[in-house]
Amino acid sequence: MENDAKTVTIRKLRQEEEIEARDIVVSAFYGQIVTLRAAVCFVLAVFSGLRHILEPLIFCLYVILGLLMTIFHAVTNSVLISVVLTAAWSLPTAWGLIYCSFYGLYVRSRRRELDHLYSYYNGKAGSKFWVAVCGEKIVGTVALDRVSDTVAELKWMSVLPEYRRRGVGTRLMKRFEGFCRSERVRKIRLHTSRIQPEALRLYQKWGFVWTNTTSLAAMHGHYLLQKLI
Ligand SMILES: CC(C)(COP(=O)(O)OP(=O)(O)OC[C@H]1O[C@@H](n2cnc3c(N)ncnc32)[C@H](O)[C@@H]1OP(=O)(O)O)[C@@H](O)C(=O)NCCC(=O)NCCS
């Protein structure tokens, strides 16, 4: 099979490939946001936020929802319709806000890095950007952004949809972690989210565990994971 993981090799990114790699990373990112699954994940996240209701920002959010419901109730005189209207108004609005602030801004704030992957990762001591290639085509990416001598951040893990579930992500993880061990990195950390359940499973399989994050971030479904090696 042409897109079998065995026909894929892992190597460092070449300068002439940085735009191709960037496009794979960005499309993998956005490909997960504008989906029904992401919307459902977000709805679940809103409900899981109830656990943090005593925290100021989250409390304000629910107060706004309560006010809206009261207004809709005053107009329609029906509890059911006011709940439905509040949900219909709030979920897409909040989802849009989160999309713009969290995901839109996240990628935007890293635009300089994404547009210059080669120079960014080659210019920073201890950092690396690897690609999985099949023939001459890039089918996967992963980056190591060095935070300190002993701490590394895993970024931009992505595999082209038609190459997924064939062990390419695993091979990228192996290369990443092997390099960390050879460099005596002690801690690997990474950010992921509820809308990336495949990635979450991959990281958990590799021994990453959930660590501190703010409850607002938890409500977005944003996770900070880490692994000590
Ligand atoms: C996450 C991603 C890189 C995994 O790549 P992959 O090549 O499919 O991964 P592998 O085939 O090596 O699978 C490794 C493990 O990941 C998990 N996994 C991957 N895809 C999965 C899926 N669709 N459902 C459930 N688990 C999955 C499994 O634990 C799997 O191990 P198993 O095969 O023994 O069950 C890929 O799905 C992807 O690019 N997703 C979109 C981008 C993304 O979310 N990046 C992470 C940013 S934080």
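Residues numbered from 1 in each chain as written. Predicted model: local features only at pLDDT ≥ 70, side-chain atom pairs only at ≥ 80, totals over all residues.

Under the annotation held in an unreviewed UniProt entry, the protein carries the name Probable N-acetyltransferase camello and is attributed to Branchiostoma floridae.

## Notes on the pairing of strand 2 (residues 128-134)
Of all 7 residues making up strand 2, 5 are buried, and the element is well covered by its neighbours. As paired elements, strand 2 and strand 3 (residues 137-146) share 7 bridges and run antiparallel to each other. Bridging across to strand 3, A132 finds its partner in G140. In this antiparallel pair of consecutive strands, strand 2 and strand 3, the connection spans 2 residues, and G135 shows a positive phi of 65°. (Buried ≥ 20, exposed ≤ 12 C-beta atoms within 10 Å, placed from the backbone. Helix = DSSP H or I, 4+ residues; strand = E, 2+ residues; numbered from the N terminus. Pairing = 2+ DSSP bridges.)

## Describing the nonpolar core
With 34 residues, the main nonpolar core has L13, V142, V168 and L172 as its most contacted residues. Among the elements of the structure, helix 1 (18-30), helix 6 (117-123), strand 2, strand 3, strand 4 (151-159), helix 7 (168-182), helix 8 (197-205) and strand 7 (222-228) are those that each provide at least two residues to this core. It is strand 4 that provides the largest number of residues to this core, a total of 5 residues. Sequence-distant contacts of V142, that is, excluding residues within four places in its chain, are made with W130, L154, W156, M157, L172 and F176. (Core = buried A, V, L, I, M, F, W, Y, C linked by C-beta atoms within 7 Å. Contact = placed C-beta atoms within 7 Å.)

## Focus: the sheet that holds strand 3
With mixed pairing, 7 strands are arranged side by side in an open sheet as 1-2-3-4-5-7-6. The sheet is open, and its two edges are formed by strand 1 (8-12) and strand 6 (209-210), each paired on a single side. Relative to strand 5 (residues 187-193), strand 4 runs parallel, the two being bridged by 3 bridges. Opposite E153, over in strand 5, you have R189 as the bridge partner. Against the sheet, helix 1 makes contact with strand 2, strand 3 and strand 4, and its axis sits at roughly 85° relative to strand 3, the strand it touches most. Against the sheet, helix 8 touches strand 4, strand 5 and strand 7, its axis set at about 160° to strand 5. (Axes fitted to C-alpha atoms, helices over the stretch in contact; angles between N-to-C directions.)

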